[in-house]
Amino acid sequence: MKRIKLNIDGVMDFISKKEIEDMREKINEAKSMLKNRSGKGSEYIGWLDLPSSITKDELKDIEKSGDLIKDNSDIVVVIGIGGSYLGARAVIDSLSNNFPYLQTTKKRKAPLVIFAGNNIGEDYLFDLTEHLDKIDYSLIVVSKSGTTTEPALAFRILKNHLVDKYGEKKSKDRIFAITDKTKGALKKLADKEGYKSYVIPDDVGGRYSVLTPVGLLPIAAAGFDIRELVEGAAEMEKFLNKEEDIFDNPADLYAAVRNILYKKDKLIEIVASYQPSMNYFIEWWKQLYGESEGKDETGIYPSGVNLTTDLHSMGQYMQEGMRKIMETVLFVETAKEKLIVPKEDDDTDELNYIAGKRINEINEAAKDGTVQAHKDGNVPVMQILIPELNERYLGQLIYFFEKACGVSGYILGINPFDQPGVEAYKKNMFKILGKP
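These figures come from a predicted structure and were not determined experimentally.

So, the packing of aromatic side chains
If you walk through the whole model with that rule in mind, you get 16 aromatic pairs. Arranged with centres 5.7 Å apart and planes meeting at 70 degrees, the rings of tyrosine 254 and phenylalanine 401 form a pair that is edge-to-face. With a gap of 147 residues between them, tyrosine 254 in helix α12 (residues 250–263) and phenylalanine 401 in helix α16 (residues 391–412) connect regions that are remote in the sequence. Each ring, one from phenylalanine 281 and one from phenylalanine 401, has its centre 6.3 Å from the other, and the planes form 45 degrees; the classification is tilted. Of this pair, phenylalanine 281 sits in helix α13 (residues 279–293) while phenylalanine 401 sits in helix α16, and the two are 120 residues apart along the sequence. For the pair formed by phenylalanine 281 and phenylalanine 401, the shared burial category is buried. Aromatic ring contacts, followed pair by pair, group Tyr254, Phe281, Trp284, Trp285, Tyr289, Phe400 and Phe401 into a single cluster. Over the ring of tyrosine 280 we find arginine 89; its NZ or CZ atom is 3.9 Å from the centre of that ring. The cationic tip of lysine 159 hangs over the ring face of phenylalanine 155; the distance from NZ or CZ to the ring centre is 6.0 Å.

A short note on a nonpolar patch on the surface
A grouping of Met314, Tyr317 and Met322 is seen on the molecular surface, where their side chains present a nonpolar patch of about 280 Å² in accessible area. By secondary structure assignment, the location of methionine 314 is in the loop between β8 (301–306) and α14 (315–320).

Description of the sheet that holds strand β3 (residues 112–116)
A sheet is described by the order of its strands in space; here five strands give the open sequence β3-β2-β4-β5-β6, paired in parallel fashion. Either end of the sheet is taken by a strand with one partner, and the two such strands are β3 and β6 (196–199). Going across the sheet, the axis of each strand differs from the next one's by a mean of 20 degrees, ignoring polarity. Both strand β5 (residues 175–179) and β6 contribute to a ladder of four bridges, which runs parallel. By the bridge assignment, alanine 177 is partnered in β6 with serine 197. Strand contacts of helix α10 (residues 213–221): β2 (75–79), β3, β4 (137–142), β5 and β6, with the helix running at about 155 degrees to β5, the strand carrying the most contacts.

Focus on the packing of helix α5 (residues 86–96) against α10
Contact pair α5 / α10: the axes reach a minimum separation of 8 Å and the direction vectors enclose 35 degrees. Judged by the twist between their axes, the crossing of α5 over α10 is right-handed. Facing α5, whose interface residues are Ala88, Val91 and Ile92, α10 presents Val214, Gly215, Pro218 and Ile219. Looking at side-chain class alone, the contact of α5 with α10 contains six nonpolar, one polar and no charged residues.

Points about the environment of threonine 348
With respect to the secondary-structure elements, threonine 348 resides in the loop between β9 (325–334) and α15 (359–376). Residue threonine 348 is classed as exposed on the basis of its relative accessible area of 64%. Note: C-alpha distance between threonine 348 and valine 214 (134 residues apart in sequence) is 51 Å.

Examining α12
The periodicity of an α-helix, 3.6 residues per turn, causes residues three or four places apart in sequence to face the same way. For α12, with 14 residues, the first-to-last C-alpha span of 20 Å sits near the 20 Å given by 1.5 Å per residue. Here α12 starts with a cap whose side-chain oxygen sits 3.2 Å from the backbone nitrogen of alanine 251, and that cap is asparagine 249.

Some words on the layout of surface pockets
Vacant regions in the atomic arrangement are exposed by a probe of water-molecule size rolled over the atoms. The space that makes up the largest pocket amounts to roughly 970 Å³. Lining the largest pocket are 34 residues, with Thr148, Gly206, Gln419, Glu423 and Lys426 positioned closest to its centre. The set of elements that each furnish at least two residues to the lining of the largest pocket consists of α7 (149–166), α13 and α17 (423–433). Among the elements that line the lining of the largest pocket, the one with the most residues is α17, at four residues. Per-class residue counts for the lining of the largest pocket are twelve nonpolar, 13 polar and nine charged.

Remarks on the pairing of β9
Burial within β9 is extensive, with eight of its ten residues counted as buried. Sheet analysis places strand β7 (residues 268–273) next to β9, joined by six bridges and oriented parallel. Residue pairing across strands places alanine 272 opposite valine 329, the latter belonging to β9. Two elements, β9 and strand β10 (residues 381–388), share seven bridges in a ladder whose sense is parallel. Paired with threonine 328 across the two strands is methionine 382, which belongs to β10.

Some words on the packing of α10 against helix α11 (residues 226–242)
Viewed as axis vectors pointing N to C, α10 and α11 meet at an angle of 140 degrees, and their least axial separation amounts to 9 Å. As summarised for this structure, α10 and α11 are arranged oblique, according to the angle between their axes. Here α10 contributes Leu216, Ile219 and Ala220 to the contact with α11, which in turn contributes Ile226, Leu229 and Val230. A per-class count over the contact of α10 with α11 returns six nonpolar, no polar and no charged.

Description of the sheet that holds β7
Pairing within the open sheet is mixed, and its five strands lie in the order β1-β10-β9-β7-β8. The sheet is open, and its two edges are formed by β1 (5–7) and β8, each paired on a single side. Taken over all neighbouring pairs, the strand axes of this sheet differ in orientation by 20 degrees on average, direction set aside. Running at roughly 150 degrees to β9, α12 makes contact with β1, β7, β9 and β10 of the sheet. Of the strands in this sheet, β7, β8 and β9 are in contact with α13, which crosses β8 at around 175 degrees.

Thresholds, definitions, all that
- Residues numbered from 1 in each chain as written.
- Predicted model: local features only at pLDDT ≥ 70, side-chain atom pairs only at ≥ 80, totals over all residues.
- Heavy atoms only, no water.
- Phe/Tyr/Trp six-rings, centres within 6.5 Å; stacked < 30°, edge-to-face > 60°.
- Helix = DSSP H or I, 4+ residues; strand = E, 2+ residues; numbered from the N terminus.
- Buried < 20%, exposed > 50% of the residue type's maximum accessible area, 1.4 Å probe, protein only.
- Lys NZ or Arg CZ within 6 Å of the ring centre and 35° of its normal.
- Patch = residues over 30% accessible without salt bridge, like charges linked within 9 Å, V, L, I, M, F, W, Y side chains within 5 Å.
- Areas by Shrake-Rupley, 256 points an atom, 1.4 Å probe, with all protein chains shown as cover.
- Salt bridge = Lys/Arg side-chain N within 4 Å of Asp/Glu carboxyl O.
- Pairing = 2+ DSSP bridges.
- Axes fitted to C-alpha atoms, helices over the stretch in contact; angles between N-to-C directions.
- Contact = heavy atoms within 4.5 Å.
- Left-handed = near helix turned anticlockwise from the far one by under 90°.
- Nonpolar A, V, L, I, M, F, W, Y, C, P; charged D, E, K, R; others polar.
- Expected span 1.5 Å × (residues − 1).
- Polar contact = N/O pair within 3.5 Å; in protein donor to acceptor, adjacent residues only side chain to side chain.
- 1 Å grid on protein atoms, 1.4 Å probe; cavity = no way out; pocket = protein on both sides within 12 Å on 5 of 7 lines; lining within 4 Å.
- Points joined across faces, edges and corners; volume = space filled by probe spheres on them.
- Parallel < 35°, antiparallel > 145°, perpendicular 65-115°, else oblique.

Given below as structure tokens:
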């Protein structure tokens, strides 16, 4: 069975094997705190065994709703912010290359997925409603409380638009709510109006929720295989639980290496992808690690780039700027389709030297050359090698990062499952707007 792999060859000029071995005690202590639910924020560790605990009946019910959305809609608008939309978008965009028309194919017959409620842009919402006037659509609204400003605003606007377009009765069949099990404004409204509803588990925080209905329903509605996604995550869960040696357990090794480098003043981690469709996967990773580790005036600062694109902008800084950075590369080893560089007689663009090669082979050469250049420029580089970009390997990657984040947070000595700082801007905004 293939799985994603972590390659740390590019950091071994910066740290020693002994330093990694010396992290065993801290790693094991952090893992024990997760397993025994004895650390800070332990009430939010439901994601830990989530992949293996999802039942076939639960998946079947989500797939049924996904099919209903696909049958009735050309567009589905997913309303949510932070973890309520980033996980779903990470998977959907990764599998459709950011091209809207690739989200809708004859093979999948899937609606285009659009996201709202992650900003307060008036023009964005206005243009969206104008477009929705002309097309059949459904809404998936994700909010535990139902009162978070950005998604609540978007839902109010779009719910009224939906009712005006389809009427009170028919609009209810086009709204799917993912919310708290027993309380909150959205739960109350869903029960009153009879929306099809799914539960956000009490013990799973937003940024860890992609493998709950929060992520699974939008992904299913987009026409992708949520069973493969969950099975991939379950494979990684089983593997990480079984593998005790730090050098054979990629989540433990990743957590150890990045914390060793942090102690050596590498304060910024840049995740770089050579697959342009993975832009929102990086955004999901940034939220997972930024919101989990950035507290008590500590934590590694998460950043991201798309390569080779950003080598023509951020590449200069990465090569020669302030030496406070470490890099983690995401690389997909096998492309889904085969595209060969053709040979031309006149060779005016001087590319005949790579004629006959696959584009992915050239991309890999660019990656290898960049890794070597960054190492030479005093940037330690880890690589996460993904066999192929599909649901199963994305499931593995999601669980790998989640487990490593929990371990890394406990090594830092913070609560990796709360986000008290997120409330600061809200208090100021509410005061300015005069909220009672």
